[in-house]
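What follows is each chain in one-letter form.
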Amino acid sequence: MSRIDWEVVIGLEVHAQLNTASKIFSGAGTAFGAEPNRQASAVDIALPGVLPVLNRGAVERAIRFGLAIGAHVAPTSVFARKNYFYPDLPKGYQISQFELPVVQGGEITIRVGEGDKAYEKTVRLTRAHLEEDAGKSLHEDFHGMTGIDLNRAGTPLLEIVSEPDMRSSAEAVAYARTLHALVRWIDICDGNMQEGSFRCDANVSVRQKGATEFGTRREIKNLNSFRFLQQAIDFEVQWQIATIEDGGKIQQATVLFDPDSGETRMMRTKEDAHDYRYFPDPDLLPLVISDDWKARVQAAMPELPGAMKARFMDEWGLSAYDATTLTASKEVADYYQSTVSAAGAALAKPCANWVMGDLAARLNKAELDVSASPVSPAQLAGVVARIADNTISNAIGKKVFEALWNGEGATADEIIEQQGLKQVTDSGAIEAIIDEVLAANPKSVEEFRAGKEKAFNALVGQAMKASKGKANPAQVNELLRKKLTA
């Protein structure tokens with residue numbers, strides 16, 4: 001057990017691949033899955049005499065991100081050459097931004113944990129800069145040799161760098177998830193972690209609680225899942241603490257996470273900025289972003305999650321929890337808004353309950369995204385509306401939902417009509433059912449009159465069963481209690 005009270009310090013560097021059709025400095029395509037080296041132009045492979053031309057779409061996506069996080073979008077930024085030598089870097093340098101990045105500052109609010117222990121925290125961002133990706137080294141199926149695929153070389157990236165504001169792996173994962181949702185929300189990155197579109201590097205250090213100086217950090221590279229991010233940080237934290245407490249020293253280094261062993265291992269000692277010999281790229285002019293350009297990008301921005309959350313609470317009376325859950329992704333938010341639009345604003349809360357409850361559970365079970373839901377927003381709105389106007393009970397509503405999911409009808413009304421599911425609200429019919437139930441269950445009647453409330457619930461259940469779930473539950477409760485207490 002640790003003898004010292006330690007504090008964890010974490011900062012994340014995230015590489016988000018911008019969803020442009022072509023690369024950042026050439027017209028080559030960026031589609032995933034092409035045959036090796038089929039999407040590498042003369043510019044990408046650095047043939048003599050070629051010059052880079054900046055992709056305007058990549059710049060506009062960077063502006064969009066800066067506006068979304070409340071950052072300063074620099075009126076002038078500069079591209080630099082980051083020099084290092086690796087087989088999949090054809091030029092011997094990477095075009096990036098160093099001293100003058102396009103996005104400076106900004107912040108993101110995250111929600112950590114669930115239930116009563118959940119809390120919100122603001123994570124500051126240092127910068128976000130444009131750069132090109134390198135190629136990819138392939139080590140399998142080459143008979144002991146390494147293959148080089150330059151399809152990714154020149155793919156546009158936005159590297160998003162946070163301040164070291166996170167104090168646990170849970171906070172780091174919450175930040176990464178929030179950032180992942182944001183870049184998809186504003187449509188600058190598809191967020192596909194399996195394809196490498198969203199990759200995290202975690203800078204991790206530890207220090208004694210109360211200390212003001214940071215400890216020596218180690219950078220965990222290329223984490224492509226939230227689960228791996230959490231596992232890697234947790235292992236690295238424990239390793240660093242154990243090393244220090246055993247009398248060792250932490251050496252600044254770049255490490256890799258092995259998902260099979262659950263451990264990190266050193267790849268190389270960490271380079272500092274001077275090791276890369278940055279200097280302004282002489283082939284690229286400074287990037288100038290005018291106020292008019294920013295204004296045009298701002299005008300095309302979607303409503304952001306924070307603003308939408310506030311609107312759901314103000315206009316539709318949702319709780320903070322409901323509004324947060326429904327704005328966790330743009331797809332869920334769009335589905336929910338379409339459902340409310342079809343059902344009416346008065347039914348916003350029951351629509352929320354269905355989207356977060358039955359729909360989410362069914363999608364999770366089927367391993368489907370909400371965009372692939374077999375039940376459309378209009379169909380779900382029909383279920384909610386028929387429950388609200390007492391055409392069907394909530395229990396029957398679940399049956400109608402399941403039928404819609406299975407494609408047994410086009411609308412809730414159609415299924416209700418075809419399967420005879422309309423709720424019984426005729427008092428005389430319900431009284432007749434209750435009379436039969438009372439006559440068949442004298443023991444439960446005696447127990448209720450002896451003060452056992454559970455007996456009442458049993459009788460209600462029998463009445464609902466006798467009506468095949470069609471009787472209005474509120475009427476059953478009211479009429480049954482009236483007969484028992486008469």
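Our subject is the structure listed above.
Our subject in this report is the structure included herewith.

Reading the values: the criteria
- Residues numbered from 1 in each chain as written.
- Predicted model: local features only at pLDDT ≥ 70, side-chain atom pairs only at ≥ 80, totals over all residues.
- Heavy atoms only, no water.
- Helix = DSSP H or I, 4+ residues; strand = E, 2+ residues; numbered from the N terminus.
- Contact = heavy atoms within 4.5 Å.
- Buried < 20%, exposed > 50% of the residue type's maximum accessible area, 1.4 Å probe, protein only.
- Pairing = 2+ DSSP bridges.
- Right-handed = clockwise from strand over helix to strand, strands pointing away.
- 1 Å grid on protein atoms, 1.4 Å probe; cavity = no way out; pocket = protein on both sides within 12 Å on 5 of 7 lines; lining within 4 Å.
- Points joined across faces, edges and corners; volume = space filled by probe spheres on them.
- Nonpolar A, V, L, I, M, F, W, Y, C, P; charged D, E, K, R; others polar.
- Expected span 1.5 Å × (residues − 1).
- Salt bridge = Lys/Arg side-chain N within 4 Å of Asp/Glu carboxyl O.
- Axes fitted to C-alpha atoms, helices over the stretch in contact; angles between N-to-C directions.
- Parallel < 35°, antiparallel > 145°, perpendicular 65-115°, else oblique.
- Left-handed = near helix turned anticlockwise from the far one by under 90°.
- Phe/Tyr/Trp six-rings, centres within 6.5 Å; stacked < 30°, edge-to-face > 60°.
- Lys NZ or Arg CZ within 6 Å of the ring centre and 35° of its normal.

1. Overview of the side chain of Ser-205
- Take Ser-205: it is sitting in strand β12 (residues 198-208).
- Residues in contact with Ser-205, not counting those within four places in the same chain, are Glu-7, Val-8, Val-9, Gly-215, Thr-216, Arg-217 and Gln-240.

2. A look at the pairing of strand β13 (residues 218-223)
- Summarising burial for β13: five of the six residues are buried, a large majority.
- Here β12 pairs with β13 via four bridges, running antiparallel. Counted as the bridge partner of Ala-202 is Ile-220 from β13.
- Summarising the sheet, β13 and strand β14 (residues 253-258) pair through four bridges and their orientation is parallel. Bridged to Arg-218 within β14 is Ala-253.
- The parallel pair β13 and β14, bridged by helix α3 (residues 226-245), forms a crossover whose chirality is left-handed.

3. Remarks on empty space enclosed by the protein
- Applying the stated criterion across every chain, the model contains one cavity of 30 Å³ or more.
- Each pocket or cavity is described by its volume, and for the largest cavity that value is around 80 Å³.
- What lines the largest cavity is a set of 13 residues, and nearest its centre among them are Asp-44, Lys-91, Glu-132, Asp-133 and Gly-154.
- A per-class count over the lining of the largest cavity returns seven nonpolar, two polar and four charged.

4. Section: helix α12 (residues 427-440)
- Its 14 residues place the ends of α12 20 Å apart at the C-alpha level, agreeing with the 20 Å of an ideal helix rising 1.5 Å per residue.
- Buried-residue contacts for α12 involve α13 (442-449), α14 (453-466) and α15 (473-484).

5. Topic: the sheet that holds strand β16 (residues 279-280)
- With respect to topology, three strands assemble into an open sheet ordered β5-β4-β16, the strand pairing being antiparallel. At either end of the open sheet lies a strand with only one pairing partner, and these are β5 (93-96) and β16.
- Direction of pairing for strand β4 (residues 80-83) relative to β5: antiparallel, over a ladder of four bridges. Along β5, the bridge assignment pairs Arg-81 with Ile-95.

6. What to know about the pattern of salt bridges
- This structure, assessed with the given rule, holds 24 salt bridges.
- One salt bridge connects Arg-81 with Asp-283, and the closest N-O pair in it is separated by 3.0 Å. Here Asp-283 lies in the loop between β16 and β17 (287-288) and Arg-81 lies in strand β4, a separation of 202 residues in the sequence.
- The exposure class of Asp-283 is partly exposed, given its relative accessible area of 33%.
- Where Arg-386 meets Asp-389, a salt bridge forms, and the shortest distance between an N and an O atom there is 3.0 Å.
- Here the salt bridges do not stand alone but share partners, grouping Glu-7, Arg-167 and Arg-207 into one network.

7. Thoughts on the packing of α12 against α14
- In contact at an axis separation of 9 Å, α12 and α14 are set at 125° when each is read in the N-to-C sense. Judged by the angle between their axes, α12 and α14 are oblique. Seen from above, α12 lies across α14 with right-handed handedness. Of α14, the residues touching α12 (which contributes Ile-433, Val-437 and Leu-438) are Leu-459, Gln-462, Ala-463 and Ala-466.
- Of the residues in the contact of α12 with α14, the class split is six nonpolar, one polar and no charged.

8. Structural notes on the packing of helix α8 (residues 348-366) against helix α9 (residues 377-388)
- Interaxial distance between α8 and α9 falls to 10 Å at its minimum, and their mutual angle equals 120°. The angle between α8 and α9 falls in the class oblique. With respect to the hand of their crossing, α8 and α9 are arranged in right-handed fashion. Residues Pro-350, Cys-351, Trp-354, Val-355 and Leu-359 of α8 form the contact with α9, whose own contacting residues are Leu-380, Val-383, Val-384 and Ile-387.
- Of the residues assigned to the contact of α8 with α9, the class counts are nine nonpolar, no polar and no charged.

9. A few points about unusual backbone geometry
- One non-glycine residue, Ala-46, adopts positive backbone phi at about 65°.
- Not every positive phi belongs to a glycine, and Glu-367 is a case in point at roughly 55°.
- Tracing the sequence through the fold places Glu-367 in the loop between α8 and α9.
- Under the relative-accessibility criterion, Glu-367 is labelled exposed at 74%.

10. Details of the environment of Leu-459
- Structurally, the position occupied by Leu-459 is in helix α14.
- Sequence separation between Leu-459 and Asn-441 is 18 residues, and the spatial gap between their C-alpha atoms is 7.8 Å.
- Not counting the four nearest positions on each side in its chain, Leu-459 is found in contact with Val-437, Leu-438, Asn-441, Ser-444, Val-445, Leu-480 and Leu-484.

11. Quick notes on the packing of aromatic side chains
- Per the stated rule, a full pass over the model turns up eleven aromatic pairs.
- An angle of 45° between the planes, with centres 6.2 Å apart, marks the rings of Phe-401 and Trp-405 as tilted. Linking Phe-401 with Trp-405, this pair stays in helix α10 (residues 394-405), spanning four residues, or about one helical turn.
- Trp-405 sits in the buried class, given a relative accessible area of 11%.
- Here Phe-448 and Phe-456 contribute two aromatic rings whose centre-to-centre distance is 5.7 Å and whose plane-to-plane angle is 40°, an arrangement assigned as tilted.
- Taking the relative accessible area as the measure of exposure, Phe-456 reaches 1% and is therefore buried.
- Within the aromatic cluster, the residues linked to one another by ring pairs are Tyr-84, Phe-98, Tyr-276 and Tyr-278.
- Lying across the ring of Trp-354, Lys-398 places its NZ or CZ 5.6 Å from the centre.

Honestly, that's just the spatial picture; any functional story needs more than this.
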